[in-house]
Every structure is written in structure tokens, then in C-alpha cells.
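Listed below are the residues making up each chain.
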Amino acid sequence: MTSRSYSAGSANRQSKGNCKLPTYEVNFDGIVGPTHSYAGLSYGNLASAAHEHQASNPQAAALQGLDKMRFVHELGVRQAVLPPSRRPRLDVLRRLGFAGSDAEVIEAAGRTDPALLAAVYSASNMWTANAATVSPSADCADDRLHLTPANLVNSLHRAIEAEETSQVLRVIFDDEQHFMVHEPLPPGLTLSDEGAANHSRLCREFGEPGCELFVYGRDALDASQPRPQQFPARQTRQASAAIARRHGLNDTTAMFVQQNPLVIDQGVFHNDVISVANQNVFLFHEQAFVETLSRVQELARQYEETCHDRLILIRLSTDDLSIQDAVSSYLFNSQLLTRPGGGMTMVCPQECAENAAARRCTEQLLAGDNPIDQVEFLPLRQSMNNGGGPACLRLRVVLTEPELAATHGGVIFTPQLHDDLTAWVRRHYRERLVEDDLRDPQLAMEIAAAFEQLSSILNLPPRLFGL
Ligand code: SUG
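Throughout this description, residue numbers start from 1 for each chain and increase along the sequence as written. It should be noted that, the model being predicted, local features are given only for residues of pLDDT at least 70 and side-chain atom pairs only at 80 or more, the latter also being counted only at that level, while totals for whole chains, interfaces and linings use all residues. Think of the side-chain values as coming from all heavy atoms in the structure, minus any hydrogens and water.

Peer 1: Could you give an account of the overall build of the protein, with specific residues and numbers?
Peer 2: Numbering goes from the N terminus for both helices and strands, where a helix is a DSSP run of H or I of at least four residues and a strand is a run of E of at least two. Along the backbone of the protein there are 17 helices and 16 strands. We take the radius of gyration over the C-alpha atoms and set the globule estimate at 2.2 Å times the residue count to the 0.38 power. Taken against the 2.2 N^0.38 rule, which gives 23 Å for 467 residues, the C-alpha radius of gyration of the protein at 21 Å falls within 12% of a compact globule. With the C-alpha coordinates aligned to their principal axes, the bounding extent of the protein is approximately 70 × 45 × 40 Å. At a minimum sequence separation of 6, the contacts of the protein that also span at least 24 residues come to 78%. Each accessible area value is a Shrake-Rupley result obtained with a 1.4 Å probe; residue values ignore everything except the protein chains displayed when judging cover. With the model as given, the accessible surface of the protein reaches about 17400 Å², and the carbon-plus-sulfur share is 47%. Only four residue types enter the charge count: Lys and Arg as positive, Asp and Glu as negative, with His and the chain ends excluded. A charged residue contributes its charge at one atom only: NZ of Lys, CZ of Arg, CG of Asp or CD of Glu. Taking the average location of the 40 positive side-chain charges in the protein and that of its 56 negative ones, the two points are 1 Å from each other. We call two residues contacting when some pair of their heavy atoms lies within 4.5 Å.

Below you can see the structure in the form of C-alpha cells.
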């Protein structure tokens, strides 16, 4: 492991009005939906393939997620929630030619194409790092916070999230003076977009202009560029560039880097499986990018120019952590959080404590010359078994105080909301779900009742849940 800082350039800070305002990073975690299951739907995501057809425990999954939110909240870091989407999406099955009553549609899909039924039942919108790309107002030309919901066109079960996410974000960030919620990028593999999982922001203080790092897996329009041979590259350069353009980022704010296709072929299906950033810290694997070292040095220079500060680069080598261990432990998918009183906490999945190399890395990080002074291992196995670690479960939204005040209050996490959601999960969620259960029309009815109650707990309009 090597750690190095880049020295600061001129201290001639350029600041926009917003930096005077108190500004917070708010982590919006997805509430795990009642149909969390293991359907093996994500090609290139090794955990998803390894757990295909196993029994899931939706109740445990949702409670693990809620407990993580409470942990983050208790650190003093702002926390909020994004709701699960109503499933099954029978409208999608009807568009695909299944007809009759709801029960008949479910029965016919389950009989003729069980994977299709599993896709419209998937609770995958729990991984809110894929919900959208978010640029804080300090970075954007019009001083508004910009959000682009991800189109997730790489797979059906995720693509059906895009429209739902757009609607939810429009309700939560419903103030055009402060927020701009864009349409998802037009569908199609040229503009394949997976949201914040491939986007990192570096900054000195959250409210100051930062550097936004867009990591793409392939250039969709230049076949001479390297591409993975086996697994899909889910983010294109064209998608990342379009988002930076529509968010009004300038050339010194946005930087585009290609993910190493060799690691995509080893199961690194998003950048947040191989690097993580928080404020002035960038933790990355030496194999993360095409020409990692020169690209990271470029990032450090850009950071210095934009933020007039030193970037702390922490590089893990393959000797420190093999790609295989990075993928199975999800060390880079930890949440790196700044505590309000100072210092950074790394929220790792329990799997990091159980993997000798990953555990050693956390010890070295704690001992090293960097702001990380606390490491916690949290149990998130239900989500991890589908390839979703702590960082996958949250969307980071940097909000100034007036922006936070303009955000829908019903989704802001409080101990009371934790208790209400816990009781709701215990009441409505099953403790075991297998593929065959999806064919039981009773499941769809149970879910409708659960969503009615959720809409009132979060004070969100019932229409968001197809009610
Ligand atoms: O898109 N898994 C998700 C995991 C997303 C992780 N997100 C981040 N790295 N930010 C995916 O591959 C599996 C569903 C299944 O197989 O049932 C799934 O969709």
C-alpha cells in the first residue's frame, strides 16, 4: 500500500456563493424491497451468478439495510432513504405479450420464462448507487443540484427502474430553484449508464467546487479502444460525457477515465468495486484503470487546480489485495464517511473482516498517514450475495442547508423513521423467498398492502407505488 499527497498549488481559492452555506453529504439508502431474491440476473456480477436460485430472506435483507442507516446516522452523518419500487411489474409482462388476469399473467410468465418473471419481481432498486448521477450545486454552471437518473439499459430488471426512479426523484427534489432532475439518457447501448457507481467526487469541503471523476467501461463509438472480452462494460464514455455536459460541469471539474477491461472480466462490473473517494482521499487499486498511475496523477493535478488542496492518494497493489479478493470482500465498496467532528469512518461489509488480505488492508489504512481513523464491519450478507455492498446501497447527495430544507422531509432518516420502517418490514416481509414463490399470486397481493402503508410512512404519493 502506498499513500502520497500532492502539494497544494496557489491558495487562490475560487469559490461560488454556496460555499458559505453549511453543506452536508446526505446518504440516500435504498430500502430493500419485499421481493429481494437471488435470480442470477446480472451477467458479469459474480455474486449474482453464484447465488442464483438460492433462497433469500427479504426481511433480513431489509433489516440489515436499516441497521446500516442507523449506524451512519449515529455517526452524525446525514442519512435519508429512497423507497423500494412496487413489484411485480405486470405492465412490463403485458407489453411482452402476456395477457389475461393478473394471476394468469403471472402463471404464464412463470411457466414459459421464469427468468422474465424474476426480472419483473426484482428488488434491484435497493442499490441506489445506480439510481442516478448527482452533481452538487457547487460544481454546476447554474448553481443548481443536477441529477440524471440512470437508464440501466444493460439488463431488463434494472432498466425498468429508470422511469420509477425519475418519478421518485422528481417528488423528493421538487423545487426548480434548487434542483434539476433530468430525464434518463435515451435508451440504447451507446448511452448505457449505471449512475453514481461509476462517478466519484473529490473536494476539499463538500460545499466548495470539486472534481468529478467519471469512469466508463467502454467507448461505444470507437472500436479501436480496449474493451472487456467476456463481461459487459456497463458504462460508456458517451453516457458519462453527456451527463457532465447536461449538468453544466466544466473541463476542470469533470474528468473521464476508462476502467481497466481486464478487471471487468474478473467481476469488477462497476467502478465502486475497485476505487472509492471521499473529499480529499482517493483509495484505488493499481489495476483499476487503463494506465492507472498516469490517470491518477492527472486527477491529482486537476484536483489541485480546482480545489487548491492536496489529494491524498492511497494505492493498493495486487500484492496487497488481488482482484479476486477485491471482488469477494468488496473492500473498495466500503463507505468512506466524514464525521462532523472530523476524521473518516470506513463502513466495510463483514466480508472484509473474514478475508485475511482485506482485513490486513483495513489495518494498514488505520495505521497509515491518512484521515481514516475508524473501520467498522457491518453484516449485509443478503445484499452482498447479489453483489451489493455498503456503497452500492447508497446514493450520495451533497446538499446545502437551503437545498436540504427544500428536500421532501418524509425521506429524511430519524430514529423514529428507523423504528417505523423496522416494524413495517417485520409485519410485511417474508423470511424466505425462492423462485417458485414468485408464481404465487398471493405474493403480489401481500406486496400491494405493504406499499399502501409505506406510502403513508414516507408521506409519498401512492401513485409512485402504482396505487
Ligand atoms: O446491478 N445485482 C446488482 C448489484 C448492483 C451493485 N451496485 C453497485 N456496485 N453500485 C447489479 O448487478 C442481481 C440481481 C439478481 O441476480 O437477482 C443484481 O441486479
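Peer 1: How would you sum up the site of the ligand? Please name residues and give values.
Peer 2: The near set for a molecule or strand comprises every residue that places at least one heavy atom within 4 Å of it. Neighbouring the ligand are 20 residues, the closest being Leu41, Ser48, His157, Asp272 and Cys392. Pairs of N or O atoms within 3.5 Å make up the polar contacts considered here, provided that, within protein, one atom can donate a hydrogen while the other can accept it, and that residues adjacent in sequence are counted only when both atoms are side-chain atoms. Within the side chain of Ser42, a nitrogen or oxygen atom sits 2.8 Å from an oxygen atom of the ligand. At 3.0 Å from a nitrogen atom of the ligand is found a side-chain nitrogen or oxygen belonging to Asn130. With the chains in place, 99% of the 500 Å² that the ligand exposes on its own is no longer accessible. Classification convention: Asp, Glu, Lys, Arg as charged; Ala, Val, Leu, Ile, Met, Phe, Trp, Tyr, Cys, Pro as nonpolar; all other residues, Gly among them, as polar. Split into classes, the residues belonging to the shell around the ligand amount to 7 nonpolar, 10 polar and 3 charged.

Peer 1: Got a sec to walk through the nonpolar core? Specific residues and values, please.
Peer 2: Within the largest apolar cluster, 97 residues are counted, with the highest numbers of intra-cluster contacts made by Phe28, Phe173 and Phe282. Per-element tally for this core: the top contributor is helix H17 (residues 441-457), with 6 residues. Not counting residues up to four positions away in its chain, the partners in contact with Phe282 are Leu202, Leu213, Ser275, Val276, Ala277, Phe289, Val296, Leu299, Leu311, Ile312, Leu313 and Ile314. Counting 21 residues, the second largest nonpolar core, distinct from the first, contains Ile314, Leu336, Met344 and Met346. Grouping buried Ala, Val, Leu, Ile, Met, Phe, Trp, Tyr and Cys residues that are joined through side-chain atoms within 4.5 Å yields what is termed a nonpolar core. Between buried and exposed lies partly exposed: a residue is buried under 20% and exposed over 50% of the maximum accessible area for its type, with that area taken using a 1.4 Å probe on protein chains only.

Peer 1: Outline the pattern of salt bridges, listing residues and values.
Peer 2: One speaks of a salt bridge when a side-chain nitrogen belonging to Lys or Arg is within 4 Å of a carboxyl oxygen belonging to Asp or Glu. Summed over the entire model, instances satisfying the criterion amount to 23 salt bridges. Notably, a salt bridge pairs Arg381 with Glu354, separated by 2.7 Å at the nearest N-O pair. Of the two residues, Arg381 sits in helix H14 (residues 381-384) while Glu354 sits in helix H12 (residues 350-354), which places them 27 residues apart along the sequence. When its relative accessible area of 35% is taken as the criterion, Arg381 is described as partly exposed.

Peer 1: Account for unusual backbone geometry, with residues named and values stated.
Peer 2: With an omega of 0°, the peptide bond running from Arg87 to Pro88 counts as cis. One non-glycine residue, His308, lies in the positive phi region at around 50°. With respect to the helices and strands, His308 occurs in the loop between helix H10 (292-307) and strand S12 (312-316). Even without being glycine, Asn459 reaches a positive phi, approximately 55°. Inspection of the secondary structure puts Asn459 in the segment after H17. Accessibility expressed as a relative area gives 55% for Asn459, which makes it exposed.

Peer 1: Any details on the sheet that holds strand S7 (residues 199-202)? Residues and values, ideally.
Peer 2: Strands pair in a sheet through their backbones, by hydrogen bonds, and they do so in one of two ways: parallel or antiparallel. For two strands to be treated as a pair, DSSP must find no fewer than two bridges joining them. One open sheet accounts for 3 strands, arranged S7-S8-S9; its pairing is mixed. Edge strands, defined here as strands with exactly one partner in the open sheet, are S7 and strand S9 (254-258). For this sheet, the mean angle separating the axes of adjacent strands, direction not counted, is 25°. Summarising the sheet, S7 and strand S8 (residues 211-216) pair through 4 bridges and their orientation is antiparallel. Counted as the bridge partner of Ser200 is Leu213 from S8. Note on geometry: axes are lines fitted to C-alpha atoms, helical ones only across the stretch in contact, with angles between N-to-C directions running from 0 to 180 degrees. Packed onto the sheet, helix H8 (residues 237-246) meets S8 and S9 and runs at close to 155° relative to S8.

Peer 1: Before we move on, can you summarise the packing of aromatic side chains with the specific residues and values?
Peer 2: Centres within 6.5 Å make a pair out of two Phe, Tyr or Trp rings, where for Trp the six-membered ring is used; the pair is then stacked when the planes are under 30 degrees apart, edge-to-face when over 60, and tilted otherwise. Evaluation of the coordinates by the stated rule reveals 8 aromatic pairs. Consider the rings of Phe173 and Phe179, whose centres lie 5.1 Å apart with planes at 70°: the pair is edge-to-face. Classification of Phe173 as buried rests on a relative accessible area of 3%. Of the residues examined, Phe179 reaches a relative accessible area of 2% and is grouped as buried. When the ring of Phe451 is compared with that of Phe465, the centres are 5.4 Å apart and the planes differ by 40°; the resulting orientation is tilted. In this pair, Phe451 is assigned in helix H17 and Phe465 in the segment after H17, connecting sequence segments 14 residues apart. Site record: aromatic cluster; members linked through ring pairs are Phe28, Phe173 and Phe179. We call a charge positioned above a ring when the Lys NZ or Arg CZ atom is no farther than 6 Å from the ring centre and deviates by at most 35 degrees from the ring normal. Here the basic side chain of Arg78 rests over the ring of Tyr24, its NZ or CZ set 3.9 Å away from the ring centre.

Peer 1: Please give an account of the pairing of strand S11 (residues 281-285) that cites residues and values.
Peer 2: Judged by how many residues are buried, S11 sits mostly within the fold: 5 of 5 residues are covered. The alternating pattern of S11 places Val281, Leu283 and His285 and Phe282 and Phe284 on opposite faces, both of which are buried. Of the strand pairs in this sheet, strand S10 (residues 275-278) and S11 are connected by 4 bridges, and their pairing is antiparallel. By the bridge assignment, Ala277 is partnered in S11 with Phe282. Where S10 folds back onto S11 in an antiparallel hairpin, the turn is made up of 2 residues, including Gln279, whose phi is positive at roughly 50°. Bridge count between S11 and S12: 5 bridges; the pairing is parallel.

Peer 1: Residue-level account of the state of the cysteines, with values.
Peer 2: Pairs of cysteine sulfur atoms within 2.5 Å are identified as disulfides in what follows. A full pass over the atoms with the stated rule returns 0 disulfides. The closest cysteine sulfur to the non-disulfide-bonded Cys348 is located on Cys352, 4.7 Å from its own sulfur.

Peer 1: Give me the sheet that holds strand S3 (residues 78-82): which residues, what numbers.
Peer 2: Reading across from one edge, S3-S2-S16 is the order of the 3 strands in this open sheet, with mixed pairing throughout. If you trace the sheet from one side to the other, it starts and ends with S3 and strand S16 (394-400), each paired once. Each strand axis lies, on average, 30° off the axis of its neighbour in the sheet, ignoring direction. Here strand S2 (residues 23-30) runs beside S3; their pairing, made up of 5 bridges, is parallel. Counted as the bridge partner of Asn27 is Gln79 from S3.

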